[in-house]
Amino acid sequence: MTTYTFADLPYAYDALEPVIDAATMQIHHDRHHKAYYDNFLAAIKDNPLNGQPLETIFAHISKESAALRNNAGGYYNHNHYWNVMRPHGSNAPSGALLDAINSTFGSVDACKAAFKDAGIKQFGSGWAWLIVGKDGKLAITSTPNQDNPLMDTATVQGTPILGCDVWEHAYYLHYQNKRPDYLDAWWQIVNWDYVAERYAKATA
Ligand code: MN
């Protein structure tokens, strides 16, 4: 039985400045993420899937309501997003993850460029993702709204190891309409150790 909890941010609101400002982080976590969480609890309350891991729910999401799909996605995706960023600047991919990035994309820079392209081309609100596909290989994709690659509705399915929120609420106060600038700056705070942990679990 999974208990669905709402965690505090793992760092202070201003810890990611200047890449992401404190006001954006506070509104994003305390209001947007909290609303997804509250609405997820309401949507799952009387559902037989209540208590199941989110991954199990996502695997059947095509049969569920839009309210459950949107809010379970928003709840899960933001938990990932907070943890895939770190204060005091980015570290670098290493080990098996670095090898996989190099063999799939040619270089870390090429991987970043493809990820940015996916984020820019996602029309309207959504997410850019680096995933481990069902073939065990890395791939880059994007999803609309609060969907993610664990959902049976996703065009490209797999286990997300790095996701970036490209909803305007994630960047508009500081970057206004300039999503590409946000995506460029975002690499300065990516926690590649967390990505490597997720890669190891997804390929174990
Ligand atoms: Mn968001």
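Preceding block: the structure.
Since the structure is predicted, the reported quantities are computational estimates derived from the model, not experimental observations.

Colleague: Describe the coordination of the manganese ion, listing the residues and the values that go with them.
Modeller: In this structure, His28 (NE2), His78 (NE2), Asp165 (OD) and His169 (NE2) serve as the protein donors to the manganese ion, at separations of 1.9 to 2.1 Å. In the primary sequence, the donor residues of the manganese ion line up as H-x49-H-x86-D-x3-H. Of this pair, His78 sits in helix α3 (residues 66–83) while His169 sits in the loop between β3 (158–165) and α6 (172–175); the two residues are 91 residues apart in sequence, bridging distant segments of the chain. Both residues of the pair, His78 and His169, belong to the buried class.

Colleague: Can you explain the pairing of strand β1 (residues 126–133)? Please cite residues and give values.
Modeller: Counting buried residues in β1 gives 8 out of 8 residues, a clear majority hidden from the surface. A two-sided burial pattern is seen for β1, the buried positions comprising Gly126, Ala128, Leu130 and Val132 on one face and Trp127, Trp129, Ile131 and Gly133 on the other. Judged from the 7 bridges that link them, β1 and strand β2 (residues 138–144) form a sheet pairing that is antiparallel. When the bridges of β2 are listed, Gly126 appears paired with Pro144. Count of turn residues in the β1/β2 antiparallel hairpin: 4 residues, of which Gly136 carries a positive phi of about 85°. Bridge count for β1 against β3 is 7 bridges, and the pairing is antiparallel. Counterpart to Ile131 in the pairing with β3 is Pro160.

Colleague: Requested: an account of the sheet that holds β3, with residues and values cited.
Modeller: Strand order in the open sheet made by the 3 strands is β2-β1-β3, with antiparallel pairing throughout. The outermost strands of the open sheet, each flanked by one partner alone, are β2 and β3. Between one strand axis and the next, the sheet turns through 30° on average, direction left out of account. Strands in contact with helix α4 (residues 95–105) are β1, β2 and β3; relative to β2, the strand with the most contacts, it is inclined by about 80°.

Colleague: Give me the pattern of salt bridges: which residues, what numbers.
Modeller: Counted according to the given criterion, the structure contains 5 salt bridges. With a closest N to O distance of 2.7 Å, Arg69 and Asp147 form a salt bridge. On the criterion of sequence distance, the pair formed by Arg69 in helix α3 and Asp147 in the loop between β2 and β3 is long-range, its members being 78 residues apart. The salt bridge partner of Asp184 is Lys116, with a shortest N-O separation of 3.1 Å. Pair noted here: Asp184 is in helix α7 (residues 179–186) and Lys116 is in helix α5 (residues 108–121), with a separation of 68 residues, a long-range link.

How each quantity is defined
- Residues numbered from 1 in each chain as written.
- Predicted model: local features only at pLDDT ≥ 70, side-chain atom pairs only at ≥ 80, totals over all residues.
- Heavy atoms only, no water.
- Donors = N, O, S within 2.8 Å, 3.2 Å for Na, K, Ca; no water.
- Helix = DSSP H or I, 4+ residues; strand = E, 2+ residues; numbered from the N terminus.
- Buried < 20%, exposed > 50% of the residue type's maximum accessible area, 1.4 Å probe, protein only.
- Pairing = 2+ DSSP bridges.
- Axes fitted to C-alpha atoms, helices over the stretch in contact; angles between N-to-C directions.
- Contact = heavy atoms within 4.5 Å.
- Salt bridge = Lys/Arg side-chain N within 4 Å of Asp/Glu carboxyl O.

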